[in-house]
Amino acid sequence: RAGCAALMESVTYLFILLVCLVGSAFFAGSETALLRIRGADLEEDVKRPKGPSVLAARELLHSLQRLLVTVLLGQNIVTTLGAAVASALAVRYLGDSWGIVVATAVMTVVTFLFGEVGPKAFAASHPKRVAYLVALPLYLIHQLLRPLHIFYDRVIDPFIERLAGPDTAPQM
C-alpha cells in the first residue's frame, strides 16, 4: 500500500514536470513569435476575418512591457516549479547528496533544449503561425495578471523611467 502511494506520488510529480515543460515551451515560443511578427502583417490580418486570435495578438503587442511581464512571470513560475518538483523527486530516489545535483543537471538540459531553444527556434521560423496559435490563451493569462500590470505601470515603470529616462521605443 505504501509502495503504491509512493508510485502514484512519483507519477504525479512526473506529470507536473511535463506540464511545466509544456508551459516553458509555450511561454518561450510565445515571446519569440509575438516579438517577431511584423506589424504590417498583423494589421493586414486584422482587416481580414481571421478569428479572435489575431485581435488578441494585436492587443498583446499594444504594450510590450506588459507582454513581457506576462511571459516572463509565466516562464519563471513553470521553471521554478519544475525545478522544485524535479529536486523533490530526485532526492526521493537518489538521496540528498546526488538528488539536487542530478535534478539540476537534467532540468537544465531538458528545459534548455525542449522548453527554450526548440520552441524559440520553431517560433522564429513560423512567427505568424505560432503567434496566432498562442495569442488567445496568452491573452487570457494576460488578463488574469491585470492587477500586476497596474502595479508595473504605477511603480516599476516610473522607477525605470527615473533611472534610464523616458521610453523611446516605438509602440504598436
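Right, let's talk about the overall build of the protein for a bit. A count of helical and extended segments in the protein gives six helices and zero strands. Along the protein, from the amino end to the carboxyl end, the secondary structure elements read α-α-α-α-α-α. Taken over the C-alpha atoms alone, the protein extends approximately 60 × 40 × 25 Å along its principal axes. Here the protein, with 172 residues, has 31% of them falling under the buried criterion. Put simply, of all contacts in the protein between residues at least 6 apart along the chain, 82% involve residues at least 24 apart. When the accessible surface of the protein is split by element, carbon and sulfur atoms take 70% of a total near 10600 Å².

On to the packing of helix α4 (residues 64-125) against helix α6 (residues 146-164). Geometry of a packed helix pair, given as the angle between the helix axes and the separation of the axes. The geometry of α4 relative to α6 is characterised by a closest axis approach of 10 Å and an angle of 125 degrees between their N-to-C directions. Between α4 and α6, the interaxial angle falls into the category oblique. For the element pair α4 and α6, the recorded crossing hand is right-handed. Across from Q65, R66, V69, T70 and L73 in α4, the residues of α6 making contact are L148, H149, Y152 and D153. Considered class by class, the residues forming the contact of α4 with α6 number four nonpolar, three polar and two charged.

Rules behind the numbers
- Residues numbered from 1 in each chain as written.
- Predicted model: local features only at pLDDT ≥ 70, side-chain atom pairs only at ≥ 80, totals over all residues.
- Heavy atoms only, no water.
- Helix = DSSP H or I, 4+ residues; strand = E, 2+ residues; numbered from the N terminus.
- Buried < 20%, exposed > 50% of the residue type's maximum accessible area, 1.4 Å probe, protein only.
- Contact = heavy atoms within 4.5 Å.
- Areas by Shrake-Rupley, 256 points an atom, 1.4 Å probe, with all protein chains shown as cover.
- Axes fitted to C-alpha atoms, helices over the stretch in contact; angles between N-to-C directions.
- Parallel < 35°, antiparallel > 145°, perpendicular 65-115°, else oblique.
- Left-handed = near helix turned anticlockwise from the far one by under 90°.
- Nonpolar A, V, L, I, M, F, W, Y, C, P; charged D, E, K, R; others polar.

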